[in-house]
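In case you want the letters, here they are:
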Amino acid sequence: MSFKTMHAIISSTARALHGLAYVATALLMGQAAESTAADITNGQRIAKRWCAECHVVAPGQKHGSDTVPTFVQIGKSERLDEATLTAFLADPHRSRMPNLSLTRSEIADLVAYIKHQRRK
């Protein structure tokens with residue numbers, strides 16, 4: 001087998017494993033979110049501490065980057081449902097976002113706060 005063929009097989013396998021890891025993370029995070037009630041107030045604290053440098057996370061916030069969506073925009077997005085946000089926050093490696101190393105509970109709280117912003 002040639003090196004090129006071997007490399008293609010390894011690359012394809014790696015992509016498939018990454019996709020499975022994403023799905024498994026989403027399922028596990030969904031189960032964790034269902035088993036405990038999310039704390040919107042704690043989600044707001046997390047957002048103000050870790051997210052407000054780039055995102056507008058609350059009404060009246062004076063600064064934030066204009067190159068990233070606000071939490072109201074994210075909360076209203078139909079494409080970014082709770083499961084998608086949960087999986088993304090658990091593994092944000094393919095974005096400009098830093099890996100915050102949040103716990104499952106913190107992720108559930110932050111997602112609940114973000115989705116609560118859709119009402120604003």
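Residues numbered from 1 in each chain as written. Predicted model: local features only at pLDDT ≥ 70, side-chain atom pairs only at ≥ 80, totals over all residues. Heavy atoms only, no water.

Trainee: Would you mind showing me how to read helix 5 (residues 104-116) here?
Mentor: An α-helix turns once per 3.6 residues; consequently, residues spaced three or four apart project the same way. Taking 1.5 Å per residue, 13 residues should reach 18 Å; helix 5 reaches 18 Å between its end C-alpha atoms and fits that length. Regarding helix 5, the residues found buried are I107, A108, D109, L110, V111, Y113, I114 and K115. (Helix = DSSP H or I, 4+ residues; strand = E, 2+ residues; numbered from the N terminus. Expected span 1.5 Å × (residues − 1). Buried < 20%, exposed > 50% of the residue type's maximum accessible area, 1.4 Å probe, protein only.)

Trainee: Got a minute to help me understand the environment of V56 in this structure?
Mentor: In this structure, V56 sits in the loop between helix 2 (40-51) and helix 3 (71-76). Separated by 15 residues in the primary sequence, V56 and F71 have C-alpha atoms spaced 6.2 Å apart. Every residue in contact with V56, bar those within four places of it in the chain, is listed here: Q61, H63, G64, T70 and F71. (Contact = heavy atoms within 4.5 Å.)

Trainee: What am I meant to see in the side chain of K115 here?
Mentor: Inspection of the secondary structure puts K115 in helix 5. Of the buried charged residues, K115 lacks a salt bridge, with E82 as the closest side chain of opposite charge at 5.3 Å. If sequence neighbours within four positions are ignored, K115 has contacts with I74, G75, S77, L80, D81, E82 and L85. (Lys, Arg positive; Asp, Glu negative; His and termini not counted. Salt bridge = Lys/Arg side-chain N within 4 Å of Asp/Glu carboxyl O.)

Trainee: I would appreciate a short explanation of the nonpolar core in the present structure.
Mentor: In summary, soluble globular proteins display a tendency toward joint burial of nonpolar side chains. Of all hydrophobic cores here, the largest spans 17 residues; its most connected members are A47, V57, F71, I74, L85, L110 and I114. Tallying contributions element by element places helix 5 first for this core, with 5 residues. Sequence-distant contacts of L85, defined by excluding residues within four places in its chain, comprise I74, L80, V111, I114 and K115. (Core = buried A, V, L, I, M, F, W, Y, C linked by side-chain atoms within 4.5 Å.)

Trainee: Before we go on, may I ask you to explain unusual backbone geometry in this structure?
Mentor: Leaving glycine aside, a negative phi is the common case for residues, and trans is the common case for peptide bonds. Phi is positive for S101, close to 50°, though the residue is something other than glycine. Residue S101 is classed as exposed on the basis of its relative accessible area of 60%.

Read these as geometric descriptors, not functional statements.
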